[in-house]
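Chains, contacts and geometry: an overview
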Amino acid sequence: MNELKLSKRLEVVASYIPKDAIFADIGSDHAYLPCYSIINGIAKGAIAGEITEGPFLSAQRQVSKSNLDEVISVRKGDGLSVIKEDEKVDCITIAGMGGSLITKILEDGKLKLDYVKRLVLQPNIHAINIREWLINNEWELINEQIIEEDNKIYEILVAEKGNAHRPYHKHSLQSGLLFGPFLLEENNKVFQKKWTNERTHLQTILAQLQTAGYTFENSEKYREVSGQLNLIEEVIQA
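The numbers attached to residues start from 1 for each chain and follow its sequence in the written order. Restriction of local features to residues with pLDDT of at least 70 applies here, the model being predicted, together with a cutoff of 80 or more for giving and counting side-chain atom pairs; totals for whole chains, interfaces and linings are based on all residues. Values reported for side chains reflect all heavy atoms of the structure, with hydrogen atoms and water molecules removed beforehand.

Only the stretch in contact is used when fitting a helix axis, every axis being a line fitted to C-alpha atoms; angles between N-to-C directions are given from 0 to 180 degrees. For the purposes of this entry, the term helix denotes a DSSP run of H or I that reaches at least four residues, the term strand denotes a run of E that reaches at least two, and both are numbered from the N terminus. Interaxial distance between helix α1 (residues 8-15) and helix α2 (residues 32-39) falls to 10 Å at its minimum, and their mutual angle equals 55°. Here α1 is positioned oblique relative to α2, judged by the angle of their axes. Between α1 and α2 the crossing geometry is right-handed. Across the interface between the two elements, Leu-10, Glu-11, Val-13 and Ala-14 from α1 touch Leu-33, Tyr-36 and Ser-37 from α2. A breakdown of the residues in the contact of α1 with α2 according to their chemical character gives 5 nonpolar, 1 polar and 1 charged. Any angle that falls under 35 degrees is termed roughly parallel, while one over 145 is termed roughly antiparallel, one within 65 to 115 roughly perpendicular, and all others oblique. When the near helix sits turned anticlockwise from the far one by under a right angle, the crossing is termed left-handed; a clockwise turn instead gives a right-handed crossing. Residues count as neighbours in contact if any of their non-hydrogen atoms are within 4.5 Å of one another. Under the convention adopted here, Pro, Cys and the residues Ala, Val, Leu, Ile, Met, Phe, Trp and Tyr are nonpolar, Asp, Glu, Lys and Arg are charged, and Gly plus all remaining residues are polar.

Now for the layout of surface pockets. A 1.4 Å probe that fits into a set of points on a 1 Å grid over the protein atoms alone but cannot get out defines a cavity; an open set with protein on both sides within 12 Å along at least five of seven lines defines a pocket, and lining residues are those with an atom within 4 Å of a point. Grid points are joined across faces, edges and corners, and a volume is the space filled by probe spheres set on the points. Its volume calculated, the largest pocket comes out at about 750 Å³. Lining the largest pocket are 30 residues, with His-126, Leu-178, Trp-195, Glu-198 and Gln-228 positioned closest to its centre. Elements with a minimum of two residues in the lining of the largest pocket: α5 (127-136), β7 (152-161), α6 (173-179), α8 (189-212) and α9 (216-237). Counted by class, the lining of the largest pocket contains 12 nonpolar, 8 polar and 10 charged residues. Approximately 230 Å³ is the volume found for the second largest pocket. Around the second largest pocket, the lining comprises 14 residues; the ones closest to its centre are Arg-9, Gly-27, Ser-28, Asp-29 and Ala-95. Per-element tally for the lining of the second largest pocket: the top contributor is strand β4 (residues 91-97), with 3 residues.

Our focus in this paragraph is the sheet that holds β7. When DSSP finds at least two bridges between two strands, those strands are taken to pair. The 7 strands lie next to each other as β3-β2-β1-β4-β5-β7-β6, forming an open sheet whose pairing is mixed. Here the strands that pair on one side only, and so sit at the sheet edges, are β3 (72-76) and β6 (139-149). With direction set aside, neighbouring strand axes in the sheet form an average angle of 15°. Bridge analysis of β6 against β7 gives 10 bridges, and the strand direction is antiparallel. Each bridged residue has a counterpart across the sheet, and for Asn-143 the counterpart in β7 is Val-158. The strands that helix α4 (residues 99-108) touches are β1 (21-26), β4 and β5 (118-123); relative to β4, the one it contacts most, it runs at about 150°.

Once that is clear, we can look at α2. Across the 8 residues that make up α2, a large majority, 7, are buried. Among the residues of α2, those classed as buried are Tyr-32, Leu-33, Pro-34, Cys-35, Tyr-36, Ser-37 and Ile-38. Structurally, α2 contributes buried residues whose contacts are with α1, β1, β2 (43-50), α3 (53-65), β3 and β4. At the C-terminal side of α2, Gly-41 shows a positive phi close to 70°. Here's how the labels work: a residue is buried when its accessible area is under 20% of the maximum for its type, exposed when over 50%, partly exposed in between, all with a 1.4 Å probe on protein chains only.

Tallied over the full model, the rule gives 1 cavity of 30 Å³ or more. Computed from the structure, the largest cavity encloses a volume of approximately 60 Å³. Lining the largest cavity, in full, are Pro-123, Asn-124, Ile-125, His-126, Ala-127, Ile-153, Tyr-154, Glu-155 and Lys-194. Among the elements that line the lining of the largest cavity, the one with the most residues is β7, at 3 residues. Taken together, the residues of the lining of the largest cavity sort by class into 5 nonpolar, 2 polar and 2 charged.

Now the structure itself:
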């Protein structure tokens with residue numbers, strides 16, 4: 001992977017960046033996504049944000065090597081703190097982190113979202129946390145994709161300000177949040193593979209809880225896991 005050829009998951013993320021946007025890529029690593037997006041005429045400017053020194057320096061080197069210093073600003077900082085006050089950013093991309101961390105970044109940086117028109121988020125796990133945050137903060141999920149790359153499954157979520165509950169009208173809110181309303185509707189092979197694997201994982205947890213014996217915490221966990229398993233069974237059999 002480099003600034004000319006992204007991984008499959010980052011290519012999908014790039015495809016959702018609005019044309020001629022100025023966007024902030026949080027956790028930019030080598031700044032491949034900002035460089036690729038400028039080189040291919042998708043965006044007109046970008047911020048590459050990194051919290052740790054090594055990736056920050058790698059991003060600086062990559063941007064300079066690509067002769068893009070005038071249109072990509074590499075900044076060191078935590079989450080959305082790399083966006084300056086009243087700086088107009090059209091889109092934010094956050095890829096390759098857990099859903100809980102992405103949610104924390106969005107929550108901690110809420111004041112930086114005033115001018116943002118679109119969020120493109122690629123959690124490695126726990127996408128449900130992001131969907132819950134979007135609903136609670138009036139961001140409408142407008143699209144989702146699920147892909148497999150190198151034997152790993154990734155979800156990409158795209159949201160804009162709007163009617164946060166609109167995408168969930170075809171299924172129960174519980175199912176929509178867990179599976180993703182668009183992914184649930186498409187129900188493709190990668191989706192089936194993900195949730196078949198998750199069913200096996202949850203069945204193992206359930207067996208361990210049964211062996212461990214009764215405690216209040218185990219009982220609560222058992223109920224939670226059983227509920228998720230029931231939802232998964234419905235989806236896999238659909």
